[in-house]
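# Per-entry structural report
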Amino acid sequence: MAGRVLLFFSVLSASSVLGQVSYSIPEEMPKGSLVGNMAQDFGLNVKRLKSGKARIFTRESDGYIELNNDRGVLLIREKIDRESLCGQTTPCALHFQIILENPMEFYSVTIEITDVNDNSPSFEKNEVTFKISESAVSGAKFILERAIDPDVGSNGLQTYRLEPTDNFVVKLHDQADGTKNVEMVLEKPLDREKNEQLSLVLTAVDGGEPQMTGTMQILITVLDANDNAPVFTQPIYKASIQENARVGTTVVTVTATDADHGSNGRITYSISNIVDHSRGIFEVSGESGEIRLIGNVDYEKARTFQINIRASDDGGLVDSCKVMIDVIDMNDNKPDIKIMSKSNMISEDAKPGTVVTMINIKDADSGENGIVQCSINDNIPFVMKATNNDFYTLVTDGQIDREVASEYNITVTCSDEGVPSLSSSVTLTLQISDVNDNAPVFERSSYEAYIVENNTPGLSIFTVKARDADWNQNARVSYILDDSSVNGVPVSSYVSVSADSGVIHAVRSFDYEQIKDFQFRVKAQDGGSPPLSSNVTVKMVIQDQNDNPPQVLYPVQTGGSVVAEMVPRSADVGYLVTKVVAVDVDSGQNAWLSYKLQKATDRALFEVGLQNGEIRTIRQVNDKDAVKQRLTVIVEDNGQPSRSAAVIVNVAVADSFPEVLSEFTDFTHDKEYNDNLTFYLVLALAVVSFLFITCVVVIISVKIYRWRQSRILYSSNLPVIPYYPPRYSDTLGTGTLQHVYNYEVCRTTDSRKSDCKFGRAGSQNVLIMDPSSTGTMQRIQSEKSILDEPDSPLEQKPPNNDWRFTQGQRPGPSGPHMPYGTHIRWTPKSGTRATGGPEVAMGTGPWPQPPTEAEQLQALMAAANVSEATATLGPGTMGLSTRYSPQFTLQHVPDYRQNVYIPGSTATLTSNPQQQQATAQQAAQQALPPPQVSAQPEPPKAAQTPASKKKSTKKEKK
């Protein structure tokens, strides 16, 4: 693109910057071609174009240019034809504005469209005819029609060529308006006898690259001599016409004369040359030369018209003149209002001077008819400001309050200064967005509500109402009960308020006698951010209800004694016997009491005062009146409905106390109290008996359960649980089996609660007893055990130093391990077993009746010998049956050369293998019975506990 860019800026009074840039591009550029980098030329950021929603504003309907917001460049939207856009007007330019929002700004852009040679010259007629007398002299001129070239400048029409040039040549004459008249000049006289018809070609040539041409054929008929040509009275005619003049209006009349006579002197008028915008608007009368209006004249489209009129006689001689017609402007155009950018909504807290709308106003008229003044309706906080000749902004002119007006219909009226003045208007609707600037306001400054006592909890009492002048969420009022207390109790336990409706509900039933009125505060809070609130005081008055009967204070009614009033027999009429005193805790008329005599022994003797409750005699007391007089007085209040109370008044008519006493001894006491007391005593006795029987049954059940459990444990065989110490291995490698076995016998102080545990080789899943073995621990148990000898010591003997292990020889993961061993661990009756760590020998706790070390070893040897005598053993194995479990078997005879460790004793074996072997053999010889005895020895018995001793003693006694 070849062109120049001109950029300048100016500061506007409405705080919006107006910049202007000009571009120059050739016409006929393809769609999408680059016009210019608008963002770079205006110094704008591409992000600003996107955030401001940049767009093009133009008054023309056709959009030739488009804005690319992503790149900030102007592109060709449609191919531009300069001739269609501007015609012959130079320079040809497009004018539009770039509009930005937030804040509102606009920039003016002018694009000049340069001409390219895309149009060839053309004639309105392809052929013209002339009749020329042969007597025409050399130099005679004939006006030819001009060619039309829509291009301008060097690309426009430049010259003409006439061919052939035997008789005629073409000449051009410049006019004041820049156009050229084309004349055909006779250089060589015509000879009708040689050429009656001539054919010439007129060629119009432009100056573009490449050159383009247009042709018109000229046909000439040679006539006989006509020596006088028509002559116009004026070479130039001037006239004027108002725009919008009616069709048929005569503009001007041209006149030409011819000295010839006859047909050579008859003149005919015609239009020879007319520019494009004048065609179809004017016509000339061929006979009179009157020029009339046949089309519409618009000052805004064309201000002047130029017409060439030709006058010709029948002899073919012609003359021409020029007619200049000026158009007079009329105020026929209203101001045109265009909204460039507007805001449909504005916040009520907008600052003065905030731009609301940008307007472009244009009046197509000229002079005073085109001067426009704009105004808006009164009494609104807005004002119009002119930023440039044709641009206005609507800005705020003060504080805006949505509560005063939530919407403004702003009418912008623009009028020109023509006579008569023309105006146009546009109405803008502007919504005012709400800001939470108003707190809720209650309808009253304080409220007073009434409620009758003994109400139902949850009863609706009263409604408080507050209004918020704001809108929507800011006007949504919520009601909150203010934190306070009434007589030390939170007010929320008395009343509650509905958050949405403001209805106050009673939380409890009120009692007028306890509380007569109280006050609390209700807060109304809107839904704005931050919320606004206001408070109001509500006084709650409790109204009395006749819910309490009268209470008689005197005479006092007692259940166990009789109170009587004495009346002497000498009492006169009106004698005051007593006075019934009663009160009613209600108030008002509910507490007005009246007294009536309901029943009496002698109604003719006493009366009761209606208001004061005084009991008086109404006649003289005589001797016939009974001593005992019983009066029933009714005390009634004045409520609706009324409540009453009855009181019995005993009156004694006597002169002395003994007489009264004798008469009142037969009064029976009220038995209700005694009956109640008897009932409660019987009930208490029944409850105590039931609890006693229940406890006895429970105790007996527990005793029976424990006895059954002890019998089950005594007669059952307990399971033998294998126990294999970790990391035990046959370190010496001299045993008959590959694995080491460790047997642990756990016993409590009660032999019936003992348990045994043993381990087995990891390579075997089941310990197999030889089928031929018939010896059992049950059989052996019947025989006497050496552990039960009467001379067994009651206390454990001190350990022998020969039975000590060194630290390195003790069993466990810290030193050499015994390949075989039997552990006996005694557990106290409480169930707690004394155990040690890996380095401590197991079973070092005290025995209940500790046997000696020799006795323990003898018991083990006896068990081994019994197994050898009664069972057939495989290689390196032996079987052993026990009363504890049939699975309790030994798999091999212990190697007495190995160390034997007996837990449960404080003694340990020495590390000398020879000494250990000798000691073990000696103990075995002592423990084995004579060979001839066939009965198998009894297995070792558990040490006796005090409980077992008592049982054995009982058996011996039996």
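Everything numeric in this text was worked out from a predicted model, so none of it was measured. (Residues numbered from 1 in each chain as written. Predicted model: local features only at pLDDT ≥ 70, side-chain atom pairs only at ≥ 80, totals over all residues. Heavy atoms only, no water.)

Of the regular secondary structure elements, the protein chain holds 9 helices and 56 strands. When burial is assessed residue by residue, the protein chain has 41% of its 958 residues classed as buried. For the protein chain, the computed accessible surface area is about 51700 Å², with 51% contributed by carbon and sulfur atoms. (Helix = DSSP H or I, 4+ residues; strand = E, 2+ residues; numbered from the N terminus. Buried < 20%, exposed > 50% of the residue type's maximum accessible area, 1.4 Å probe, protein only. Areas by Shrake-Rupley, 256 points an atom, 1.4 Å probe, with all protein chains shown as cover.)

Glancing now at the state of the cysteines. Within this structure, the stated rule accounts for 2 disulfides. A sulfur-sulfur separation of 1.7 Å characterises the disulfide bridge that pairs Cys86 with Cys92. Every disulfide takes its handedness from the sign of the S-S torsion; for Cys86 and Cys92 that torsion is 65°, giving right-handed. Per residue, the accessibility class of Cys86 equals that of Cys92, and both read buried. Two residues share a disulfide in this structure: Cys374 and Cys414, whose sulfurs sit 2.1 Å from each other. (Disulfide = S-S within 2.5 Å.)

Here we come to the sheet that holds strand 17 (residues 236–242). In space, the 4 strands of this open sheet follow the order 17-24-23-20, with mixed pairing throughout. Pairing within the sheet leaves two strands with one partner each, and these edge strands are strand 17 and strand 20 (267–274). Between one strand axis and the next, the sheet turns through 30° on average, direction left out of account. Here strand 23 (residues 304–313) pairs with strand 24 (residues 318–328) via 9 bridges, running antiparallel. Residue pairing for strand 24: Asn308 is matched across the bridge by Lys322. (Pairing = 2+ DSSP bridges. Axes fitted to C-alpha atoms, helices over the stretch in contact; angles between N-to-C directions.)

Below, the discussion takes up the pattern of salt bridges. Here the structure, examined in full by the defined rule, presents 15 salt bridges. In this structure, Arg402 engages Asp434 in a salt bridge whose closest nitrogen and oxygen atoms are separated by 3.0 Å. With Arg402 in the loop between strand 30 (391–396) and strand 31 (407–416) and Asp434 in the loop between strand 32 (423–433) and strand 33 (441–442), the pair connects residues that are 32 residues apart, well separated along the chain. The shortest N-O distance in the salt bridge between Asp602 and Arg619 comes to 2.7 Å. Taken as a pair, Asp602 in the loop between strand 48 (593–600) and strand 49 (606–608) and Arg619 in the loop between strand 50 (614–617) and strand 51 (628–637) lie far apart in primary sequence, 17 residues in all. Salt bridges here are not isolated pairs; linked through shared partners, they connect Arg82, Glu83 and Asp115. (Salt bridge = Lys/Arg side-chain N within 4 Å of Asp/Glu carboxyl O.)

Moving on, we come to the confidence of the model for the protein chain. In the predicted model, the protein chain carries a mean pLDDT of 75, and the fraction of residues at 70 or more is 70%. The low-confidence segment residues 718–849 (pLDDT under 50) makes 317 contacts with residues lying over four places distant or belonging to another chain. Confidence over residues 863–920 falls short of pLDDT 50; this stretch has 172 contacts with residues more than four positions distant or in other chains. (pLDDT = per-residue confidence, 0-100. Contact = heavy atoms within 4.5 Å.)

What follows concerns the environment of Asp260. With respect to the helices and strands, Asp260 occurs in the loop between strand 19 (256–257) and strand 20. Considered as a pair, Asp260 and Asn228 are 32 residues apart in the sequence and their alpha carbons are 5.8 Å apart. For Asp260, the residues in contact, after removing those within four places along its chain, are Asn226, Asp227, Asn228, Gly265 and Asp313.

Turning to the pairing of strand 28 (residues 372–376), a few remarks are in order. Side-chain alternation along strand 28 places Val372, Cys374 and Ile376 on a buried face and Gln373 and Ser375 on a face that remains uncovered. Pairing geometry for strand 28 and strand 31, over 5 bridges, is antiparallel. Within strand 31, the position partnered with Ser375 by the bridge is Thr413.

Moving on to the sheet that holds strand 32. In space, the 4 strands of this open sheet follow the order 26-32-31-28, with mixed pairing throughout. Each of the sheet's edge strands pairs with one partner strand only, and the pair in question is strand 26 (345–347) and strand 28. When strand polarity is set aside, the average angle formed by the axes of neighbouring strands in this sheet is 30°. Two elements, strand 31 and strand 32, share 9 bridges in a ladder whose sense is antiparallel. Pairing of Glu407 across the sheet is with Gln431, part of strand 32.

Take the side chain of Glu243 next. Note that Glu243 resides in the loop between strand 17 and strand 18 (250–253). One buried charged side chain, Glu243, makes no salt bridge at all; its nearest oppositely charged neighbour is Arg303, positioned 9.0 Å away. In terms of polar contacts, Glu243 uses its side chain to reach the backbone amide nitrogen of Tyr299, at 2.9 Å. Among the polar contacts made by the side chain of Glu243, one reaches the main-chain amide nitrogen of Met330 at a distance of 2.7 Å. Residue contacts for Glu243: discarding those within four places in its chain leaves Val297, Asp298, Tyr299, Glu300, Val327, Ile328, Asp329, Met330, Asp332 and Asp365. (Lys, Arg positive; Asp, Glu negative; His and termini not counted. Polar contact = N/O pair within 3.5 Å; in protein donor to acceptor, adjacent residues only side chain to side chain.)

Right, let's talk about a nonpolar patch on the surface for a bit. A contiguous nonpolar surface patch, about 670 Å² in accessible area, is contributed by Phe679, Tyr680, Leu683, Val687, Phe690 and Leu691. Looking at where Leu691 falls in the secondary structure, it is placed in helix 5 (residues 672–715). Take Leu691: its relative accessible area is 49%, and that puts it in the partly exposed class. (Patch = residues over 30% accessible without salt bridge, like charges linked within 9 Å, V, L, I, M, F, W, Y side chains within 5 Å.)

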